[in-house]
Amino acid sequence: MTSIAEDLLLLLLDDESGKPLVDGVKLPRVLAGAVLLELALDDVVAVDTEGEQVKKGRIAIRTEARPADPILAEAVERLGSGRPLKPTSAIEKLQKDLQEKLLARVVEQGWVSEERGRILGVFPTKKWPAIDSTHEQRVRDLIRAALIDGLTPEPRTTALIALLSAADAAPKVFPDADKRAVKKRAKEIAQGEWAAEAVRDAVASVNAAMMAAVAAGGAVAGSS
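Residues numbered from 1 in each chain as written. Predicted model: local features only at pLDDT ≥ 70, side-chain atom pairs only at ≥ 80, totals over all residues. Heavy atoms only, no water.

- The name given to the chain in an unreviewed UniProt entry is GPP34 family phosphoprotein, with the source organism recorded as Rhodococcus pyridinivorans.

## A short note on the pattern of salt bridges
In step 1: Taken as a whole and assessed by the stated rule, the structure comprises 13 salt bridges.
In step 2: Across the pair Arg 29 and Glu 92 runs a salt bridge, and its minimum N-O distance is 2.7 Å. Highlighted residues: Arg 29 in helix H2 (residues 26-41) and Glu 92 in helix H4 (residues 87-94), separated in sequence by 63 residues.
In step 3: For Arg 29, a relative accessible area of 11% translates into the label buried. (Salt bridge = Lys/Arg side-chain N within 4 Å of Asp/Glu carboxyl O. Helix = DSSP H or I, 4+ residues; strand = E, 2+ residues; numbered from the N terminus. Buried < 20%, exposed > 50% of the residue type's maximum accessible area, 1.4 Å probe, protein only.)

## So, the packing of aromatic side chains
Two measures describe an aromatic ring pair: the distance that separates the ring centres and the angle between the ring planes.
In step 1: Taken as a whole, this structure holds zero aromatic pairs when the rule is applied.
In step 2: A cation over a ring is seen here: Arg 140 above Phe 174, with NZ or CZ 5.7 Å from the ring centre. (Phe/Tyr/Trp six-rings, centres within 6.5 Å; stacked < 30°, edge-to-face > 60°. Lys NZ or Arg CZ within 6 Å of the ring centre and 35° of its normal.)

## Things to note about the side chain of Arg 58
In step 1: The residue Arg 58 is located in the loop between strand S1 (45-47) and strand S2 (59-61) in this model.
In step 2: A distance of 3.3 Å separates the side chain of Arg 58 from the backbone oxygen of Pro 84, its partner in a polar contact.
In step 3: Among all residues touching Arg 58, those that are not within four sequence positions of it are Ala 46, Val 47, Asp 48, Pro 84, Leu 85 and Lys 86. (Polar contact = N/O pair within 3.5 Å; in protein donor to acceptor, adjacent residues only side chain to side chain. Contact = heavy atoms within 4.5 Å.)

## Concerning the packing of helix H1 (residues 4-11) against helix H7 (residues 155-166)
In step 1: Here H1 crosses H7 at 50°, and the two axes come no closer than 10 Å. In terms of their interaxial angle, H1 and H7 are classed as oblique. Crossing of H1 over H7 shows right-handed handedness. From H1, Ile 4, Asp 7, Leu 8 and Leu 11 reach across to H7, where they touch Arg 156, Ala 159, Leu 160, Leu 163 and Leu 164. (Axes fitted to C-alpha atoms, helices over the stretch in contact; angles between N-to-C directions. Parallel < 35°, antiparallel > 145°, perpendicular 65-115°, else oblique. Left-handed = near helix turned anticlockwise from the far one by under 90°.)

## Here's the deal with helix H3 (residues 70-80)
In step 1: Buried residues of H3: Ile 71, Leu 72, Ala 73, Ala 75, Val 76, Arg 78 and Leu 79, and no others.
In step 2: Against the buried residues of H3 lie H2, S1, S2, H4 and helix H5 (98-108).
In step 3: Where H3 begins, the capping side chain belongs to Asp 69, and its oxygen is found 2.8 Å from the backbone nitrogen of Ile 71.

## Let's talk about the environment of Leu 102
In step 1: Here Leu 102 lies in helix H5.
In step 2: Linking Leu 102 and Glu 6, residues 96 residues apart in sequence, is a C-alpha distance of 6.3 Å.
In step 3: Filtering out sequence-adjacent residues up to four positions away, Leu 102 remains in contact with Ser 3, Ala 5, Glu 6, Leu 9, Leu 31 and Ile 71.

## Focus: H7
The periodicity of an α-helix, 3.6 residues per turn, causes residues three or four positions apart to be oriented the same way.
In step 1: With twelve residues, H7 extends 16 Å between its outermost C-alpha atoms, agreeing within 8% with the 16 Å of an ideal straight helix rising 1.5 Å per residue.
In step 2: Within H7, ten of the twelve residues are buried, which leaves the element mostly enclosed by the surrounding structure.
In step 3: Along H7, the residues classified as buried are Arg 156, Thr 157, Thr 158, Ala 159, Leu 160, Ile 161, Ala 162, Leu 163, Leu 164 and Ala 166.
In step 4: Residue Glu 154 occupies the N-cap position of H7, its side-chain oxygen lying 2.9 Å from the main-chain nitrogen of Arg 156. (Expected span 1.5 Å × (residues − 1).)

Written out as structure tokens, the structure is:
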């Protein structure tokens, strides 16, 4: 099974142009949010809302076992090194080099190709057009069924929708649909009663942290 971050990355790459649908500040942090959310859904980490394990509002590692996925395992190692982090700080820590690793993985899977070029013969550019969209289309169909057809999604699909909603990217993934309706439905699903209270708390904390990290990253980029 692919990771939530891999599926999210495929959704956020335009199949034809190979360019991301969100900017360079948002994309790595959205992907980091996906990693953190998957760890929360698997009960590997949790935001301690009571302050019983770590300081209230910080991330606690709930198990000594490490995920089989190397990217998720590395994320746990990063989260476990040093003092317990707030979700916003965790996303900043996890986003480093994450995008490159996930891109290498989806290229290796044969889903996209990496094409390099130069603007004006000077500035290097990269793009990742689709080669085999079979897997992405299955994921997209599940999300479309929830956002546009009104069906109830299973938890993994809901997690992807929650991330797209937090990144304000759901309408970009489905440009042929009513943008306002898609955005509204994605927000409703993200806030819905689709999982246990602890998981919903994790989703809310991760999404809030991701949006804060994106805003902070954008402010830094704008000032430089």
